[in-house]
Amino acid sequence: MKLENKKSQIKIGDLLRRTRKSLGYTQEEVAEMLDLASRYISDIERDKTKGSIDTLVKLCNIYHITPTYVLQNYLELTDDYKVDANIIGFYKLSEHDKQVITELIRVHE
């Protein structure tokens, strides 16, 4: 019973909206990339519908995030899995800055 109540409280729309906007996409652009109606993207962002797993995965691919990032507030995760929250910032960087960070990571491996 408890699990069902927790499921019905999942609200990911605001996070998806903020992520979309941070990447400079409109709902229409995202809908076109997914071959969906922009109204459907709007409904997901307003938590009118949760969408399908397929749609969530496609949105995550477009937004360069993981489903774990989207659902992290609803999962019992250790700190090791919360790194996803920092990854989205990487994709906002210039290509030069991404390359510098990638090289730093390689040096420390």
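As a reminder, the structure under discussion sits directly above these lines.
Residues numbered from 1 in each chain as written. Predicted model: local features only at pLDDT ≥ 70, side-chain atom pairs only at ≥ 80, totals over all residues. Heavy atoms only, no water.

Visitor: How would you summarise unusual backbone geometry if you had to cite specific residues and measurements?
Guide: One non-glycine residue, aspartate 47, adopts positive backbone phi at about 60 degrees. Secondary-structure assignment places aspartate 47 in the loop between α4 (38–45) and α5 (53–63). Unlike most non-glycine residues, histidine 64 shows phi in positive territory, near 60 degrees. With respect to the secondary-structure elements, histidine 64 resides in the loop between α5 and α6 (67–71). Looking at histidine 64, the relative accessible area reads 35%, which means it is partly exposed. (Helix = DSSP H or I, 4+ residues; strand = E, 2+ residues; numbered from the N terminus. Buried < 20%, exposed > 50% of the residue type's maximum accessible area, 1.4 Å probe, protein only.)

Visitor: Give me helix α2 (residues 13–22): which residues, what numbers.
Guide: Every buried residue of α2 is accounted for by Gly13, Leu15, Leu16, Thr19 and Arg20. Seen along its axis, α2 keeps its buried residues to an arc of 165 degrees; they face one direction. In the stretch just after α2, glycine 24 is the one whose phi turns positive, near 80 degrees. (Arc of directions from axis to C-beta.)

Visitor: I'd love a proper account of the pattern of salt bridges, names of residues and values included.
Guide: As enumerated under the stated definition, the model contains seven salt bridges in all. One salt bridge in this structure joins aspartate 43 and arginine 39, with 3.6 Å as the shortest N-O distance. In this pair, aspartate 43 and arginine 39 both sit in helix α4, four residues apart, roughly one turn of the helix. By relative accessible area, which is 17% here, aspartate 43 ends up buried. Overall, arginine 39 belongs to the exposed group, its relative accessible area being 55%. We note a salt bridge from aspartate 43 to arginine 46, for which the minimum N-O separation is 2.6 Å. (Salt bridge = Lys/Arg side-chain N within 4 Å of Asp/Glu carboxyl O.)

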